Amino acid sequence: MPVLPGAEPYRHAGGEVGVLFCHGFTGSPQSLRPWAEHHAAHGLTVSLPLLPGHGTRWEDMQLTGWQDWYAEVDRELRLLAERCSRVFVAGLSMGGALALRLAALHGERIDGVVVVNPANKIHGLSAYALPVARHLVRTTKGIASDIALGGAAEIGYDRVPLHAAHSLRRFLHRLDGELPRVTQPLLLLRSAQDHVVPPVDSARVLGRISSTDVREIVLEHSYHVATLDVDADRIFEESLGFIGRLAPSLGEEGTAAVG
């Protein structure tokens, strides 16, 4: 299936500092593209892949699972590490969970982690019904475009495939047990109002990781897709400052685009 216009992956060849951006569940690179482009404009090497089953139609996502999504970001991380001396991972929602697993499994290969409204658990009674419900009902209402800013929209599916949601639930349960292996510096930004991921998920992440260099920022004016919302510029600047503090050589080399 062709990729939806605007949902294409994005890459930029910059300096020795690289950032891997991971988008969220049923979303696409579009939700993180302004963030990635901001870092590219400051000389960083950037990778923003399209996760399998995303960015086309929900029926394609029904055939994928967390192993496919994680394999894609793991592959991109390895490619990024081949050309960059310092590597950071960043993500929104499920993308934040993927970034945290990369940090847990890759250890010293990753220099720091930035997550925005990271998912930790699927909440509510519906989560416990997923193992059976997914065989009876194909989809439920979508979660895309939880944005406070008028006129802003996320390219994402209007339906959530339940087979994929069940796989996400299994992934988040696995990740929760791996969070103590995360030791890298962490910047966590969460929205004061989020209609997709509750604040307890961020609290759980902060309570489980082993990192000692940790900063939490509350975004007062944005909803879940904060990277396209009122506080987007703050996310961009805070994350760039975080990376610059840990990698002073930021943007030392050329900036040839490979988008």
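As shown above, the structure is provided for reference.
Being a predicted model, the structure only gives us computed values, none of them experimental. (Residues numbered from 1 in each chain as written. Predicted model: local features only at pLDDT ≥ 70, side-chain atom pairs only at ≥ 80, totals over all residues. Heavy atoms only, no water.)

J.: Residue-level account of the packing of aromatic side chains, with values.
T.: Under the defined criterion, the tally for this structure stands at four aromatic pairs. An angle of 65 degrees between the planes, with centres 5.0 Å apart, marks the rings of Phe21 and Trp35 as edge-to-face. On the criterion of sequence distance, the pair formed by Phe21 in strand S2 (residues 17–22) and Trp35 in helix H1 (residues 33–41) is long-range, its members being 14 residues apart. The interplanar angle of 70 degrees and the centroid separation of 5.8 Å between the aromatic rings of Phe25 and Trp69 together place this pair among those described as edge-to-face. (Phe/Tyr/Trp six-rings, centres within 6.5 Å; stacked < 30°, edge-to-face > 60°. Helix = DSSP H or I, 4+ residues; strand = E, 2+ residues; numbered from the N terminus.)

J.: So, the environment of His221: which residues are in play, and what are the values?
T.: Here His221 is to be found in the loop between strand S9 (214–219) and helix H8 (232–246). Residues within four places of His221 in sequence aside, it is in contact with Ala148, Asp229, Val230 and Asp231. (Contact = heavy atoms within 4.5 Å.)

J.: Got a sec to walk through helix H4 (residues 94–106)? Specific residues and values, please.
T.: The terminal C-alpha atoms of H4, which comprises 13 residues, lie 18 Å apart, in line with the 18 Å expected from a rise of 1.5 Å per residue. Across the 13 residues that make up H4, a large majority, twelve, are buried. Within H4 the residues assigned to the buried category are Met94, Gly95, Gly96, Ala97, Leu98, Ala99, Leu100, Arg101, Leu102, Ala103, Ala104 and His106. In the segment just after H4, Gly107 is the residue with positive phi, at about 55 degrees. (Expected span 1.5 Å × (residues − 1). Buried < 20%, exposed > 50% of the residue type's maximum accessible area, 1.4 Å probe, protein only.)

J.: Describe the pattern of salt bridges, and please don't skip the residues or the numbers.
T.: All told, the structure shown has 14 salt bridges when counted by the stated rule. One salt bridge connects Asp60 with Arg57, and the closest N-O pair in it is separated by 3.4 Å. The residue Asp213 makes a salt bridge to Arg245 at a minimum N-O spacing of 3.1 Å. On the criterion of sequence distance, the pair formed by Asp213 in the loop between helix H7 (199–208) and S9 and Arg245 in helix H8 is long-range, its members being 32 residues apart. Since its relative accessible area comes to 49%, Arg245 is described here as partly exposed. One network of salt bridges, in which partners are shared, links Arg11, Glu72, Arg75 and Glu76. (Salt bridge = Lys/Arg side-chain N within 4 Å of Asp/Glu carboxyl O.)

J.: Can you explain unusual backbone geometry? Please cite residues and give values.
T.: Even without being glycine, Thr26 reaches a positive phi, approximately 70 degrees. You can see Thr26 is positioned in the loop between S2 and H1. Looking at Thr26, the relative accessible area reads 1%, which means it is buried. Within the chain, Ser145 stands out as a residue other than glycine whose phi angle is a positive 65 degrees. Ser145 sits in the partly exposed class, given a relative accessible area of 30%.

J.: Describe the pairing of S2, with residues and values.
T.: Most of S2 sits inside the fold, with six of its six residues counted as buried. Of the two faces of S2, both are covered, the one formed by Val17, Val19 and Phe21 as well as the one formed by Gly18, Leu20 and Cys22. With six bridges connecting them, S2 and strand S4 (residues 86–92) associate as parallel partners. Bridging across to S4, Val17 finds its partner in Arg86. Two strands pair when backbone bridges link them, and S2 and strand S3 (residues 45–48) are joined in this way by three bridges, in the parallel orientation. Each residue of the ladder has a partner; that of Val19, found in S3, is Val46. Regarding the hand of the β-α-β motif, the stretch spanning S2, H1 and S3 is right-handed. (Pairing = 2+ DSSP bridges. Right-handed = clockwise from strand over helix to strand, strands pointing away.)

J.: Go over the nonpolar core, please, and point to the residues and values.
T.: Grouped together as the largest cluster of nonpolar side chains are 44 residues, with contacts concentrated most on Phe25, Trp69, Leu100, Leu102 and Val113. Residue assignment for this core shows that the elements contributing at least two residues are S2, helix H2 (58–61), helix H3 (66–83), S4, H4, strand S5 (112–116), helix H6 (162–178) and strand S8 (186–191). Of the residues forming this core, the biggest block, eight residues, is contributed by H4. Not counting residues up to four positions away in its chain, the partners in contact with Leu100 are Val113, Val115, Leu175, Leu179, Val182, Leu186 and Val205. Core analysis: the second largest hydrophobic core is formed by 32 residues, Leu44, Leu48, Leu240 and Ile243 among them. (Core = buried A, V, L, I, M, F, W, Y, C linked by side-chain atoms within 4.5 Å.)

J.: Just give me the short version of the state of the cysteines, but keep the residues and values in it.
T.: Summed over the entire model, instances satisfying the criterion amount to zero disulfides. Distance from the sulfur of Cys84, which forms no disulfide, to the nearest cysteine sulfur (Cys22) is 15 Å. Given a relative accessible area of 7%, Cys84 falls into the buried group. (Disulfide = S-S within 2.5 Å.)

These results come straight from atomic positions and should not be treated as a statement about function.
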